[in-house]
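# Report on the structure
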Amino acid sequence: MKLKPLFQAVGLIAASAVLILVICLAGLLAFILQTSQMSQSWNAPVSAISDSLSQENGRYVFTGESYLEEDGLWAMLLDESGQVTWQWKKPEELPEQYTLTEVAAFSRWYLEDYPVQTWVREDGLLVIGAPQGSTWKYSFATSMEVVNMTPYWLCFLFLFSIACVLGISALFLRRWFRRAQQARDEARSGWINGVSHDIRTPLSMVMAYASQLENAPELPPLRREQAALIRRQSQTIRDLVNDLNLTMRLDYQMQPLRRASLSPAALVRQTAADALNSGLEEKFQLEVDIPPEAEQLTLEADGPLLHRALSNLVQNCIRHNPDGCCIAIGLRQEGNDCLFQVSNTQPPLPEDSPPQQEPPLPPGAAPHGTGLKLVGQIAKAHGGALQLAQRDGQFLCTLRLPLPRP
């Protein structure tokens, strides 16, 4: 998967998150401004109203009716004893005398459900009230420590919002990439199956005619040998196609394991016998090494798949040693693991050369033959692993599988 589209998608998501937050903050600011304008009727200009109330010849003169009439406000003036000395449209149910406790209470909250504002004058306390149910009034106070922490909390909320948006978007992207990967895998699987099916029919005809020519007594020996070579190479192509199909099924977990109890020793002998019966050339020597303690081992595994893995290891040794070699198939027990070992001799390394460990197989590749990838997949499907090593002129392939627990 290319990284550039991924980075572009992540950048687009981050920009969208920032845009969403900016819009939310702008909307919050607009809401605050709008509500502040709506609250202007409650926040009456008490200082201007107080200035509009004056005393002339022992009587109060009020010229600020315009401040109160538009929004249905009322007003009253209390002296130091709590007695109402002046009022303008004061509700009739309100008393004419207030105690100090009552003044403290309605200055902070409500006066019998009337929201009120107060203003201290030289001649008393000016009280301006609004209609019942017209205004929500709440006294709020906080410490400076909280005020100082507010910017940090806003930054935290900003980053947390971005993280939430990115996390949710990442889940959707992951799901989208999985669907895209699944579609590509299905397309590749269909293509491999189609090509394999198209190859099998002409390849079978080539192998059949080559076998007939190989066994035709009227042909000279050179021509029969050439026909045999065509048959062997066609069989190699057929095996590669089968390996490709099996590799694809194991990659996508489309190959169910048919586990059954089997004898590893019998499997090793069967693999060696099949290799000999397939026409192994004289320049190749085949040895079987099974110690007595390994004869009683049992495995819970898919027998045909393990036989395919061991056969691939043997064919890999034959394919990469055209001048001939000695191939050994062995069986060992190491702890709770069963070890199938296939090795072939190679030209000896210089004496001062340290033992070389074969590097791990990269995905989709096999450094010593395409069959090794399939063997590694079969081992992994059984909960085991394939180990490769080269020591003292010998290339060793070890198929390590766990033994069933007693």
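Predicted, not measured: the structure shown is a model, and the values here were computed from it.

What follows covers the confidence of the model for the protein chain. Reading predicted coordinates in detail is not appropriate for stretches of low pLDDT. Mean pLDDT for the protein chain: 78, with 78% of residues reaching 70 or above. Confidence drops under a pLDDT of 50 for residues 37-41, and excluding neighbours within four residues, the segment shows two contacts in the predicted structure. Predicted confidence is poor over residues 347-369, with pLDDT under 50, and the contacts of this stretch with residues over four places away or in other chains come to 30 contacts.

Let us look at the packing of aromatic side chains. In this structure the tally under the stated criterion is four aromatic pairs. Taking the centre distance of 5.1 Å and the plane angle of 55° together, the rings of Phe-62 and Trp-86 count as tilted. Of this pair, Phe-62 sits in strand β2 (residues 59-62) while Trp-86 sits in strand β4 (residues 84-88), placing them 24 residues apart in sequence. Both residues of the pair, Phe-62 and Trp-86, belong to the buried class. Centroid distance Trp-74 to Tyr-114: 5.8 Å. Interplanar angle 90°. Geometry classified as edge-to-face. Pair noted here: Trp-74 is in strand β3 (residues 74-78) and Tyr-114 is in strand β6 (residues 114-121), with a separation of 40 residues, a long-range link. Across the pair, exposure class does not vary: Trp-74 and Tyr-114 are buried alike. Members of the aromatic cluster, joined through ring pairs, are Phe-62, Trp-86 and Trp-88.

A separate point is the packing of helix α7 (residues 264-277) against helix α8 (residues 303-319). Interaxial distance between α7 and α8 falls to 10 Å at its minimum, and their mutual angle equals 50°. Comparing the axis directions of α7 and α8 gives the class oblique. Between α7 and α8 lies a crossing whose hand is right-handed. Together, Leu-267, Val-268, Gln-270, Thr-271, Asp-274 and Ala-275 of α7 and Gly-303, Leu-306, His-307, Leu-310, Ser-311 and Val-314 of α8 make up the contact between the two elements. The class makeup of the residues in the contact of α7 with α8 is six nonpolar, five polar and one charged.

Before going further, it helps to spend a moment on the pairing of strand β7 (residues 124-129). Taken across its six residues, β7 has six buried, putting it largely inside the fold. Two strands pair when backbone bridges link them, and β3 and β7 are joined in this way by five bridges, in the antiparallel orientation. Directly across from Met-76, in β7, lies its bridge partner Val-127. Looking at chain direction, β6 and β7 are connected through six bridges and run antiparallel. What sits directly across from Thr-118, in β7, is Val-127. Joining the antiparallel neighbours β6 and β7 is a turn of two residues.

What follows is about the sheet that holds β7. Read across the open sheet, the five strands follow the order β4-β3-β7-β6-β5; overall the sheet is antiparallel. Only two strands of the sheet have a single partner each, and these edge strands are β4 and β5 (110-111).

It is worth spelling out a negative patch on the surface at this point. On the surface, Glu-92, Glu-93, Glu-102, Glu-112 and Asp-113 cluster together into a negatively charged patch. Among the structural elements, Glu-112 can be located in the loop between β5 and β6. Taking relative accessible area as the criterion, Glu-112 reaches 44% and is therefore assigned partly exposed.

At Glu-112, a position not held by glycine, the phi torsion is positive, near 50°. The phi dihedral of Asp-113 is positive, around 70°, even though this residue is not glycine. Tracing the backbone shows Asp-113 in the loop between β5 and β6. Using a relative accessible area of 56% as the deciding quantity, one classes Asp-113 as exposed.

This brings us to the nonpolar core. Counting residues in hydrophobic clusters, the biggest one holds 39 residues, and the most contacted among them are Leu-299, Leu-306, Ile-327, Leu-331, Phe-340, Val-342 and Leu-399. Every element with two or more residues in this core is listed here: α7, β10 (299-301), α8, β11 (326-334), β12 (337-345), α9 (371-381), β14 (385-391) and β15 (394-402). Not counting residues within four places of it along the chain, the set of residues in contact with Phe-340 comprises Pro-264, Leu-267, Val-268, Leu-299, Leu-310, Gly-330, Leu-331, Cys-397, Thr-398, Leu-399 and Leu-401.

On to α8, then. Here α8 spans 24 Å end to end across 17 residues, near enough to the 24 Å set by a 1.5 Å rise per residue. Most of α8 sits inside the fold, with 13 of its 17 residues counted as buried.

Each value, and the rule that gives it
Residues numbered from 1 in each chain as written. Predicted model: local features only at pLDDT ≥ 70, side-chain atom pairs only at ≥ 80, totals over all residues. Heavy atoms only, no water. pLDDT = per-residue confidence, 0-100. Contact = heavy atoms within 4.5 Å. Phe/Tyr/Trp six-rings, centres within 6.5 Å; stacked < 30°, edge-to-face > 60°. Helix = DSSP H or I, 4+ residues; strand = E, 2+ residues; numbered from the N terminus. Buried < 20%, exposed > 50% of the residue type's maximum accessible area, 1.4 Å probe, protein only. Axes fitted to C-alpha atoms, helices over the stretch in contact; angles between N-to-C directions. Parallel < 35°, antiparallel > 145°, perpendicular 65-115°, else oblique. Left-handed = near helix turned anticlockwise from the far one by under 90°. Nonpolar A, V, L, I, M, F, W, Y, C, P; charged D, E, K, R; others polar. Pairing = 2+ DSSP bridges. Patch = residues over 30% accessible without salt bridge, like charges linked within 9 Å, V, L, I, M, F, W, Y side chains within 5 Å. Areas by Shrake-Rupley, 256 points an atom, 1.4 Å probe, with all protein chains shown as cover. Salt bridge = Lys/Arg side-chain N within 4 Å of Asp/Glu carboxyl O. Lys, Arg positive; Asp, Glu negative; His and termini not counted. Charge placed at Lys NZ, Arg CZ, Asp CG, Glu CD. Core = buried A, V, L, I, M, F, W, Y, C linked by side-chain atoms within 4.5 Å. Expected span 1.5 Å × (residues − 1).

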